[in-house]
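Results of the structural survey
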Amino acid sequence: MATSADDSHAKRVRSDRDGVYALPDGQGHFGPYGGLFVPETLMHPLEELRAAYEASIADPGFQAEMDADLRDYVGRPSALYHAERWSRELGGAQLFLKREDLNHTGAHKVNNTIGQALLARRMGKTRLIAETGAGQHGVATATVAARLGLECVVYMGEVDIARQEANVYRMRLLGAEVISVKSGSRTLKDALNEAMRDWVTNVDDTFYIIGTVAGPHPYPAMVRDFQSVIGREARAQMLERTGRLPDLLVACVGGGSNAIGLFYPFLADHEVAIHGVEAAGDGLQTDRHAAPLCAGRPGVLHGNRTYLMQDANGQITETHSISAGLDYPGVGPEHAWLKDSGRAHYAAVTDEEALHAFHQLTRTEGIIPALESSHALAYAGRLASTMDRDRTILVNLSGRGDKDMHTVARHEGLVL
Amino acid sequence: MSRIARRFEQLRDRGRTALIPFVTAGDPRPEVTVPLMHSMVAAGADLIELGVPFSDPMADGPVIQRASERALAKGTSLAEVLRMVEGFREQDADTPIILMGYLNPIEAMGAAAFCRQARSAGLDGALIVDLPPEEGRGLVETMRSSKLDLVYLLAPTSTETRIELVGKVASGFVYYVSVKGVTGAGHLDMDAVAEKVGLIKSFIPLPVGVGFGIKDAASAARVAQIADAVIVGSAIVGRVESLAETPERIPDVIADFLAGLRGAIDAVDAASSPTPRLD
C-alpha cells in the first residue's frame with residue numbers, strides 16, 4: 001500500500017491545494033459559487049471555525065490523532081477491489097471499486113465526522129448536531145459523539161425517518177437524540193434548515209457537523225479535505241495495481257462529498273475523465289428527480305451559491321430519489337464550479353437503473369451496495385460496456401446497502 | 001433623503017420611538033395584506049417590514065415558517081409582494097416599507113429587474129437575511145443606485161470589526177437581533193441588549209432597531225428605553241395564524257394589539273428626556 005499513516009494530513013492538504021488549484025478563495029468562493037450566505041449571528045462563529053480548522057490542519061498533533069483514528073477506528077486504508085466478474089459480464093472496461101462500504105459505520109461519511117468531531121473537541125464544544133438524509137451521516141456523527149463522550153442531536157426529515165428506520169435505531173442506540181423534522185418537504189433540505197436553526201440558537205457550546213461539501217465556507221473546503229483521503233488512497237492503489245491512473249472516475253452526487261473526496265486528488269491528472277452521477281428519480285423529463293447540476297440553475301441556499309432545483313420564483317422545489325442520501329435540491333459549490341469549468345461531467349440515472357445496478361453487483365460480486373452508490377455503479381456500467389477491455393474505471397462504492405433492505409424489498413412488493 | 005431617513009428624522013424631532021411591525025406578505029391569503037398594512041399604520045406603525053415568503057427560511061422559527069408556507073400555498077411570489085407595495089402606496093405615500101426575506105427569490109428575479117420594479121412600486125429598502133456585507137456586491141450596488149436602502153442585521157455574536165463593516169454598507173437603519181436564535185425565540189436580557197446597542201451606536205450613525213423576543217407591551221416598553229425602533233414579528237404573525245379561518249378580522253385584531261404596544265412605547269417616550277434622542 002503506497003499510502004502510509006505517517007504521511008501527515010496537513011502536508012497533504014497543503015500540497016493538494018497548491019498542486020491542484022487555489023480554490024476556494026479566502027471567503028469560500030469557487031468562481032461564482034460557494035461563499036458565505038448566512039444570517040449575521042453565524043458570521044463570527046464561521047470565522048472562528050475557519051481559523052480553528054486552518055490551525056488544526058497545520059498542527060502535527062491534530063494530524064497524528066486523525067490519522068490514527070482513520071487507521072485504527074475507521075479501518076483505513078479502504079480496499080481497492082477489481083470487480084472482475086461484473087466487468088466480464090458487461091464485456092467492456094475493467095471496473096475497480098473503492099470500498100468505502102467497508103469503513104466502520106458502512107460508508108464514507110465517517111472520514112469527515114472523525115475530523116470535525118476532533119475539531120469540535122479542540123474548540124471546546126460539548127454538543128454535536130448534524131443533519132442526515134439516508135442516516136449514514138447521522139450514524140457517523142452519533143458514532144464519533146459516543147466515542148468522544150459528546151452530546152449529539154441529529155435532525156432528520158420525517159419522510160427519511162420512515163424509509164431509514166434501521167439507521168434511526170442505530171443512532172438512538174449510540175446515544176443520539178434523533179429529532180423528526182416536519183417542515184417543508186420533510187427530507188434532507190429541511191433537516192439542514194432545522195440544524196441551522198439549532199446552531200443559531202446554541203452557537204456557544206454547539207458544533208454543527210455538516211455531512212456534505214455544501215453549506216457556508218469553510219464547510220465545503222473542510223469536508224472536501226477530510227474526504228480527500230478517498231482519492232489519495234485510490235490514486236496510489238490504482239498506480240500500484242495497474243501501473244497507471246484510471247481512465248475514468250465515477251461517483252454519485254447528492255451534496256457530493258464522496259465524489260469530491262474521490263475527484264479532488266485527481267483534478268490535476270488531466271488524462272483522467274471525471275463523471276459525477278445525480279439522481280434522475282423517475283426521469284429528468286419528469287419533475288420527480290434530484291439532479292440540480294443536470295436540470296437546475298444557480299441560486300443561493302443553505303449558505304452557498306450553487307446549482308439548485310427551483311421554480312421560476314426562486315422557491316426551492318421538492319425532489320425525488322429512491323435513495324434518501326441523494327434526495328437534496330442543491331449540490332456542493334465545488335461541483336458547480338467543476339461542471340462550469342468542464343473538468344468534470346455530470347449525468348443522472350433513474351431509480352430503475354440504480355436498482356438494476358444494485359442487483360447486478362449483488363449477484364455478480366457478492367457486494368450489496370447502498371442505493372446512493374448504485375447510481376454511480378449504473379452509470380459506470382453503462383460507460384464500461386462501450387469501452388475496450390484494457391480501459392479502467394474507478395467507481396467510488398461510497399456505502400453498503402444494509403440500510404436499504406426495506407426500501408428495495410418494498411419496491412419489489414415485499415414487506416420485511 | 002430616503003423615506004426611511006426622513007421618517008426617522010421626524011420621529012427624532014418628536015421624541016418618538018419607532019414601532020415597526022413585521023407581517024408575512026400573502027399570509028394567510030394575498031388580499032389580506034394591504035388592508036392589514038393600512039390598519040397597522042392607523043394603529044401607530046411608523047415603518048412596515050413585509051416578509052417575502054421563502055420555501056427554506058433557515059433563520060425563522062416555526063411561527064414565521066408556517067406563515068411562509070401559507071403564503072406560498074396561495075402563490076405569493078416576490079413579484080406579487082411588490083404589487084402589494086404598489087397597492088399600499090395608492091393610499092399611503094409616507095410610511096416606509098422594507099422587504100425582509102432571503103436572497104434566492106431576488107436572484108431569481110434578477111437584481112436589475114428587482115430594483116426597477118421595487119422602485120416603481122414605492123418600496124424603500126430591503127433586509128436580506130442571508131446576505132452578509134461580505135457578499136452580493138452587484139445587488140448592493142444596484143440597490144444603492146436605485147436609491148433603495150439596504151438594512152443589515154447585527155447580532156449578539158457581532159464583533160466590533162463586524163459592526164464597523166456593517167456600518168460601511170448599511171443605510172436606513174440597522175436591525176439588532178437581540179437574542180441568539182430564530183425569529184420568535186427567547187427572552188430578552190435587557191442589560192446585555194442595552195450594552196450592545198450602545199456599542200453599535202458608537203460605530204454606526206444610523207438609527208438602531210431591536211427585534212426578536214418582543215411579545216407584548218411590557219417587552220416593547222423595555223426595548224423602547226434603549227432603541228430607536230421596536231420591531232415586532234412573531235407576536236403579530238402568531239395572531240394572524242390564529243385568525244387564518246376568519247381573515248376579515250385580521251386587520252382589526254392586529255391593530256388592537258399594536259395600539260397596546262404603541263401606548264406602552266409612548267409612555268416610555270413621554271417619561272424620557274425631551275432632548276433629541278438620536279445624536
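Presented here is an overview of the structure given in this document. (Residues numbered from 1 in each chain as written. Chains lettered and ligands numbered in written order. Predicted model: local features only at pLDDT ≥ 70, side-chain atom pairs only at ≥ 80, totals over all residues. Heavy atoms only, no water.)

Looking at the overall build of chain B
On a plain count of helices and strands, chain B comes out with 12 helices and nine strands. For 279 residues, the compact-globule estimate of 2.2 N^0.38 gives 19 Å, and the C-alpha radius of gyration of chain B, at 17 Å, lies within 12% of that figure. Counting only C-alpha atoms and orienting by the principal axes, one finds that chain B spans roughly 45 × 40 × 35 Å. For chain B, the residues scored as buried account for 62% of the 279 residues in total. For chain B, long-range pairs separated by at least 24 residues make up 73% of all intrachain contacts whose partners lie at least 6 apart in sequence. Per element, the accessible surface of chain B, about 10200 Å² overall, is 51% carbon and sulfur. Across chain B, the centroid of the 28 positively charged side chains sits 2 Å from that of the 36 negatively charged ones. (Helix = DSSP H or I, 4+ residues; strand = E, 2+ residues; numbered from the N terminus. Rg over C-alpha atoms; globule rule 2.2 N^0.38 Å. Buried < 20%, exposed > 50% of the residue type's maximum accessible area, 1.4 Å probe, protein only. Contact = heavy atoms within 4.5 Å. Areas by Shrake-Rupley, 256 points an atom, 1.4 Å probe, with all protein chains shown as cover. Lys, Arg positive; Asp, Glu negative; His and termini not counted. Charge placed at Lys NZ, Arg CZ, Asp CG, Glu CD.)

A short note on the interface of chain A and chain B
Residue-level contacts link 38 residues of chain A with 36 residues of chain B. Between chain A and chain B the total buried area reaches about 2900 Å² when both faces are included, carbon and sulfur atoms providing 51% of it. On the chain A side of the interface with chain B, the three residues burying the most area are E40, R197 and Q315 of chain A, jointly 24% of the side's total. Applying the counting criterion to the chain A and chain B interface returns four salt bridges. One salt bridge in this structure joins K189 of chain A and D56 of chain B, with 2.9 Å as the shortest N-O distance. Viewed at the interface, chain B and chain A are joined by 19 residue pairs in polar contact (both at pLDDT 80 or more). (Buried area = accessible area lost by both parts, 1.4 Å probe. Salt bridge = Lys/Arg side-chain N within 4 Å of Asp/Glu carboxyl O. Polar contact = N/O pair within 3.5 Å; in protein donor to acceptor, adjacent residues only side chain to side chain.)

Considerations on the side chain of T212 of chain A
Residue and element names in this part refer to chain A. Here T212 is to be found in the loop between strand 8 (206–208) and helix 10 (219–227). By relative accessible area, which is 9% here, T212 ends up buried. Here the side chain of T212 touches G256 through a polar contact of 3.3 Å, landing on its backbone nitrogen. Dropping the residues within four chain positions of it, T212 is found in contact with K109, E131, V223, G255, G256 and S257.

Regarding the sheet that holds strand 6 (residues 152–154) of chain B
Residues and elements named next belong to chain B. The sheet built from nine strands is open, its strands ordered 5-4-3-2-1-9-8-7-6 with parallel pairing. Only two strands of the sheet have a single neighbouring strand rather than two, namely strand 5 (149–150) and strand 6. Bridging between strand 7 (residues 174–177) and strand 8 (residues 208–211) involves four bridges; their strand directions are parallel. Residue pairing across strands places V177 opposite G211, the latter belonging to strand 8. (Pairing = 2+ DSSP bridges.)

Observations concerning the sheet that holds strand 8 of chain A
Residue and element names in this part refer to chain A. With parallel pairing, the four strands of this open sheet are ordered in space as 7-6-5-8. Each of the sheet's edge strands pairs with one partner strand only, and the pair in question is strand 7 (177–181) and strand 8. The sheet shows a mean angle of 25 degrees between the axes of neighbouring strands, taken without regard to direction. As paired strands, strand 5 (residues 127–132) and strand 8 are joined by three bridges and run parallel to one another. Bridging from a neighbouring strand, R127 pairs with T206 of strand 8. Contacts between helix 9 (residues 188–201) and the sheet are confined to strand 5, strand 6 (151–157), strand 7 and strand 8, with strand 5 contributing the most and set at about 160 degrees to the helix. (Axes fitted to C-alpha atoms, helices over the stretch in contact; angles between N-to-C directions.)

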